[in-house]
Amino acid sequence: SLPMMQSTALLEGTSTQSSFGKKRKGAGRKEGAESLAPPLSKIDWLVANRGVAAKVAIVTALIYSFVEWQAGEMTRIDNLEGFTAPAFEKVAKVFKRNFHDGWEREGAAVAVYHKGELVVDLQGGFADRAAGRLWTNQTRTVVFSTTKAVGALCVAMLVDRGHLRYEDRMAEYWPEFAQNGKENVTIDCIMSHQAGLAALDEPITRDLAADPERMAEAIAKQKPNWEPGTKSGYHAITYGWLVDQIVRRADPLHRSVGVFFREEVAEKYGIDFHIGLDPSEEHTVSRLSMPTKMHLLREIIHDPRVLIVLGIFNAPHVIGRKVRTNPQWFKLEQDVNTFNDPELHAMEQVAALGIGKARDLARLFNLMLQGELVSKELLQRLREPQVGFTFDEIVLAPLPKGHGFLYERHPLGGNRWLFGHPGYGGSTVMMDLDEEVVIAYVSNGLKTGMGELTRTYRHLRNAVFDCIEKNKQETDSNKSI
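Please read all numbers here as calculations on a predicted model, not as lab measurements.

Student: Just give me the short version of the sheet that holds strand β7 (residues 355-356), but keep the residues and values in it.
Tutor: Taken in spatial order, the 3 strands make up an open sheet running β5-β7-β6, and their pairing is antiparallel. Edge positions in the open sheet fall to β5 (141-142) and β6 (273-274), since each of these has one partner strand only. For β6 and β7, the ladder comprises 2 bridges, and the chain directions are antiparallel. Note on β7: the bridge partner recorded for His274 is Ile355.

Student: Lay out unusual backbone geometry with the relevant residues and their values.
Tutor: Leaving glycine out, the prevailing phi sign among residues is negative, and the prevailing peptide bond configuration is trans. Asn326 connects to Pro327 through a cis peptide bond whose omega is 15°. Position of Pro327 among the secondary structure elements: in the loop between α14 (318-325) and α15 (342-345). One non-glycine residue, Phe144, adopts positive backbone phi at about 50°. Topologically, Phe144 is positioned in the loop between β5 and α6 (147-160). A residue is classified by how much of its surface remains accessible, and Phe144, at 3% relative accessible area, is buried.

Student: Which residues make up empty space enclosed by the protein, and what values go with them?
Tutor: What the rule picks out here adds up to 2 cavities of 30 Å³ or more. Reported here for the largest cavity is a volume of approximately 70 Å³. What lines the largest cavity is Trp103, Glu299, His302, Asp303, Val306, Lys447, Leu453, Thr454, Arg455, Thr456 and Arg458. When contributions to the lining of the largest cavity are tallied by element, the ones reaching two or more residues are α12 (293-302) and α18 (455-480). The element contributing the most residues to the lining of the largest cavity is α18, with 3 residues. Of the residues assigned to the lining of the largest cavity, the class counts are 3 nonpolar, 3 polar and 5 charged.

Student: Can you break down the pairing of strand β9 (residues 405-409) residue by residue, with the values?
Tutor: Most of β9 is tucked away: 4 of the 5 residues are buried. One ladder, built from 2 bridges, connects strand β8 (residues 401-402) with β9; its direction is antiparallel. Bridging from a neighbouring strand, Gly402 pairs with Phe405 of β9.

Student: If you had to explain the nonpolar core to someone new, which residues and values would you point to?
Tutor: Among soluble globular proteins, nonpolar side chains are generally buried collectively. Counting residues in hydrophobic clusters, the biggest one holds 103 residues, and the most contacted among them are Val155, Ile219, Phe261, Leu364, Phe365, Met368 and Phe405. Looking at which element gives the most residues to this core, the answer is α6, with 10 residues. Setting aside its immediate chain neighbours within four residues, Ile219 contacts Trp174, Phe177, Lys182, Leu197, Leu200, Trp241 and Leu242. Counting 26 residues, the second largest nonpolar core, distinct from the first, contains Val110, Val112, Val119 and Val437.

Student: Before we move on, could you go through the confidence of the model for the protein chain and cite the residues and values that matter?
Tutor: Mean pLDDT for the protein chain: 86, with 82% of residues reaching 70 or above. Of the regions scoring below 50 in pLDDT, residues 1-35 engages in 37 contacts with residues more than four places distant in sequence or in other chains. Within the model, the stretch residues 64-69 combines pLDDT values under 50 with 11 contacts to residues more than four positions away or in other chains.

Student: Tell me what's going on with the environment of Lys447, and back it up with residues and numbers.
Tutor: For Lys447, the location among the structural elements is in the loop between β12 (437-443) and α18. Sequence separation between Lys447 and Trp103 is 344 residues, and the spatial gap between their C-alpha atoms is 8.7 Å. Look past the residues within four positions of Lys447 in its chain and what remains in contact with it is Trp103, Glu104, Pro291, His295, Glu299, Tyr424, Gly425, Tyr441, Thr454 and Thr456. There is a polar contact of 2.8 Å between the side chain of Lys447 and the backbone oxygen of Gly445.

Student: Tell me about the packing of aromatic side chains, and name the residues and values.
Tutor: Counted according to the given criterion, the structure contains 11 aromatic pairs. Measuring from ring centre to ring centre gives 4.8 Å for Phe144 and Phe339, while their planes differ by 45°; the resulting arrangement is tilted. In this pair, Phe144 is assigned in the loop between β5 and α6 and Phe339 in the loop between α14 and α15, connecting sequence segments 195 residues apart. With respect to burial, Phe144 and Phe339 carry one shared label: buried. Judged by centre distance (5.1 Å) and plane angle (40°), the ring pair of Trp174 and Phe177 falls under tilted. We classify Trp174 as buried; its relative accessible area is 2%. Phe177 sits in the buried class, given a relative accessible area of 0%. Members of the aromatic cluster, connected to one another through ring pairs, are Phe144, Trp329, Phe330, Phe339 and Tyr424. Stacked on the ring of Phe177, the Lys or Arg Lys182 has its end atom at 5.2 Å from the ring centre.

Criteria and cut-off values
Within any chain, residue numbers begin from 1 and follow the written order of that chain's sequence. Predicted model: local features are reported for residues with pLDDT of at least 70 only, side-chain atom pairs are reported and counted for 80 or more only, and whole-chain, interface and lining totals are derived from all residues. The side-chain figures draw on all heavy atoms in the structure; neither hydrogens nor water molecules are used. We treat two strands as partners when DSSP finds at least two bridges between them. Where helices and strands are cited, they refer to DSSP runs of H or I of at least four residues and of E of at least two residues respectively, numbered from the N terminus. Buried residues are those whose accessible area, probed at 1.4 Å on protein chains only, stays under 20% of the maximum for their type, while exposed residues exceed 50% and partly exposed ones sit between those limits. Lining residues are those with an atom within 4 Å of a point, where the points come from a 1 Å grid over the protein atoms alone and group into cavities, where a 1.4 Å probe fits but cannot get out, or pockets, open sets with protein on both sides within 12 Å along at least five of seven lines. Grid points are joined across faces, edges and corners, and a volume is the space filled by probe spheres set on the points. Polarity classes work like this: nonpolar for Ala, Val, Leu, Ile, Met, Phe, Trp, Tyr, Cys and Pro, charged for Asp, Glu, Lys and Arg, and polar for all others, with Gly in that last group. Definition used in this section: a nonpolar core is a set of buried Ala, Val, Leu, Ile, Met, Phe, Trp, Tyr and Cys residues joined via side-chain atoms within 4.5 Å. The contact criterion used is simple: two residues touch if any of their non-hydrogen atoms lie within 4.5 Å. The quantity known as pLDDT measures the predictor's confidence residue by residue, on a range of 0 to 100. Pairing of N or O atoms within 3.5 Å defines a polar contact, subject to two protein rules: one partner must be a possible hydrogen donor and the other a possible acceptor, and residues neighboring in sequence count only if both atoms are side-chain atoms. Aromatic rings from Phe, Tyr and Trp, taking only the six-membered ring of Trp, are treated as a pair when their centres fall within 6.5 Å; an angle between ring planes under 30 degrees marks them as stacked, one over 60 as edge-to-face, and anything in between as tilted. We call a charge positioned above a ring when the Lys NZ or Arg CZ atom is no farther than 6 Å from the ring centre and deviates by at most 35 degrees from the ring normal.

Below, the structure written as structure tokens:
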């Protein structure tokens, strides 16, 4: 828009006078002489064009105020449940502020473990605002791609138990896979999204997706989207079926990924997370709502990086279009959201359809950090991404990843990473190995951004580490007295 362009010009301190300014004194001189005049500084330009600058500031303020008025409606949170350890009270304040400022339109939950202890467990808002159904401590929600971290954990458990190695070729466990140039594709290659199987040519119907043998055939005969190992491109949906095949073929009992997780983790440790939810539990699942156009505009105004996400979902390139349109029955649109379909909730799809609670997601990955599910030695392999800031063929932006996890830079800086996985709409689980921190956040009022680009999650995450740093400083101060 014009106001945005003008604001950009102000920020850049442009010296071009033809756009907004008056003629300079002596403008009739020769061009060569005029070119010797020093360029205007930012301050000089603002002073010389204060009328235009004032108008731009007023228009910008009016647009901002209108958007805040339309999209920033306060959401009362009269049903806040849970607890916060005294040292983490700031997290509770941020959680409540997310509702008060209108960023949480529906419901949400956040849970944090630190040094093996649950220090934050909060939930509130609406499980279904349109129906007036409140979010309780029994509410579950779809967490989209955050589920991928659970799939990565299942594969890591098989590696840790010696049933699999990341360096192994997939064809050693699945001979039919070695078609069309995939004979040397390793488990590592698949888990780091380098296998070139981000999109399938065969139309994926619901019947096909429900039949693991037919899905295996479709994947085995697929020609890679690029030469495996030469590029990395986010396998947004196919990751789920690929990981399922890895687990089925490496697990001595040949269980599906959903059954493996349920029997080896959920039932043993009492984790309420589901890769394939029993239909009898459907009444506990929150209803997902898409952001309005005004809410989207508000997100962009507060963080223009959200435009990157919009670009991802609307990328015109062939592979990206295939990823978005196959399968057709995965839809996230303003008027059609199939992720509210109970039939989909029963499907074992570890790329996008995990259902659970923030408390249990946090506890699950705390068990992982404490060495209960995989060894501490294996955890060290996960410390840093295998694929760093390399251009991603699907996302069209750098996307650090490795071993099935995604990575984000530590908010406190330094050469440190958090790892886990963000999901569409904001749901996220992230871990800090050094501080032994797990942060899990879920919400049914979907946002446009993902992970670090989700304002509600980012502010909660930052509050967690602010509390940890403050506690360290107070401890050190007490020691020095």
